[in-house]
Amino acid sequence: QVQLVESGGGLVQAGGSLRLSCAASGRTLGRYAMGWFRQAPGKEREFVAGITWSGGSTYYGDSVKGRFTISRDNAKNTVYLQMNSLKPEDTAVYYCAADPIAVVEPVDYWGQGTQVTVSS
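Enquirer: Can you walk me through unusual backbone geometry in this structure?
Expert: Excluding glycine, most residues fall at negative phi; most peptide bonds, likewise, are trans. Of the consecutive residues glutamate 105 and proline 106, the connecting peptide bond is found in the cis state with omega at 5°. Tracing the backbone through its elements, the reader meets proline 106 in the loop between β9 (92–99) and β10 (109–110). Unusually for a residue other than glycine, asparagine 77 sits at a positive phi of about 55°. Residue position: asparagine 77 is located in the loop between β7 (68–73) and β8 (78–83). Look at serine 85: it is not a glycine, yet its phi comes out positive at around 50°. Tracing the chain through its elements places serine 85 in the loop between β8 and β9.

This is how it looks when you write it as C-alpha cells:
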C-alpha cells in the first residue's frame, strides 16, 4: 500500500505561484510513476502532469504546459508541482496519484486532495 498526502494548496491571486507537495509513505516511490490531477466543481477530473519513476520524462496537460512543472525527489519520497502564472480557471482540488506503470486512469493510488483557489 502507498499513502499519499498532498500539501501546499491555498488561495492565490491570478498571476501568482504555488508549489504543491505530495509525500508518500508505506512504500518507496522510486518505482512508481507519479502525477497530478485536478477536479473543479461540476467538471470531470483532468490530468495535469506526470513524471516517470526515474524522473527522466515529464508530460503535461495542454492547459498547463509552460506554466506548471512536475518534479520528484525519490530520496524524500516526495513529488512536487510548481504552478506559475496561475489563472482563475486553475481553481480546483488537486490530487496526487501513483501507479507502478503510468498515471493513466485507472490509477492505483490517490491522495486526499488539496484545494487551490485562484482569485481574479
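Enquirer: What is the right way to look at the packing of aromatic side chains in this model?
Expert: The geometry of an aromatic ring pair is captured by two quantities: the separation of the ring centres and the angle between the planes. Evaluation of the coordinates by the stated rule reveals four aromatic pairs. Judged by centre distance (5.5 Å) and plane angle (75°), the ring pair of phenylalanine 37 and phenylalanine 47 falls under edge-to-face. With phenylalanine 37 in strand β4 (residues 33–39) and phenylalanine 47 in strand β5 (residues 46–51), the pair connects residues that are ten residues apart, well separated along the chain. Using a relative accessible area of 24% as the deciding quantity, one classes phenylalanine 47 as partly exposed. Its end group placed over the ring of tryptophan 53, arginine 31 keeps NZ or CZ at 4.2 Å from the ring centre.

Enquirer: In this structure, what is going on with the nonpolar core? I would like to understand it.
Expert: If you look at the biggest cluster of nonpolar residues, it comprises 29 residues, and the most contacted ones within it are Leu4, Met34, Trp36, Leu81, Met83 and Tyr94. Listed by contribution, the elements that provide at least two residues to this core are β3 (18–25), β4, β5, β7, β8, β9 and β11 (114–119).

Enquirer: So what exactly am I meant to see when it comes to the sheet that holds strand β1 (residues 3–7) here?
Expert: Within a sheet, each strand pairs with its neighbour through backbone hydrogen bonds, oriented either parallel or antiparallel. Strand order in the open sheet made by the four strands is β1-β3-β8-β7, with antiparallel pairing throughout. Two strands in the sheet have a free side with no partner beyond their single neighbour: β1 and β7. Between one strand axis and the next, the sheet turns by 15° as a mean value, whatever way the strands run. Strand direction decides the pairing type here: β7 and β8, joined by six bridges, are antiparallel. Bridging from a neighbouring strand, isoleucine 70 pairs with leucine 81 of β8.

Rules behind the numbers
By convention here, each chain's residues receive numbers from 1 onward along its written sequence. Only residues with pLDDT of at least 70 are given local features in this predicted model, and only at 80 or more are side-chain atom pairs given and counted; all residues enter the totals for whole chains, interfaces and linings. To obtain the side-chain values, all non-hydrogen atoms of the structure were included, while hydrogens and water were left out. The helix count covers DSSP runs of H or I at least four residues long, the strand count covers runs of E at least two residues long, and both are numbered beginning at the N terminus. In this analysis, rings of Phe, Tyr and Trp, with Trp reduced to its six-membered ring, are considered paired at centre separations within 6.5 Å, and the interplanar angle assigns stacked below 30 degrees, edge-to-face beyond 60, and tilted for intermediate values. Classification of residues uses two cut-offs on accessible area relative to the type maximum, computed with a 1.4 Å probe and protein chains only: under 20% is buried, over 50% is exposed, and between them is partly exposed. The rule is short: NZ of Lys or CZ of Arg within 6 Å of the ring centre and within 35 degrees of the ring normal puts a charge over the ring. In plain words, nonpolar cores are sets of buried Ala, Val, Leu, Ile, Met, Phe, Trp, Tyr and Cys residues tied together by side-chain atoms within 4.5 Å. Only strands that DSSP links by at least two bridges are regarded as paired with each other. Note on definitions: angles span 0 to 180 degrees between N-to-C directions of axes, and those axes are lines fitted to C-alpha atoms, for helices only across the stretch in contact.

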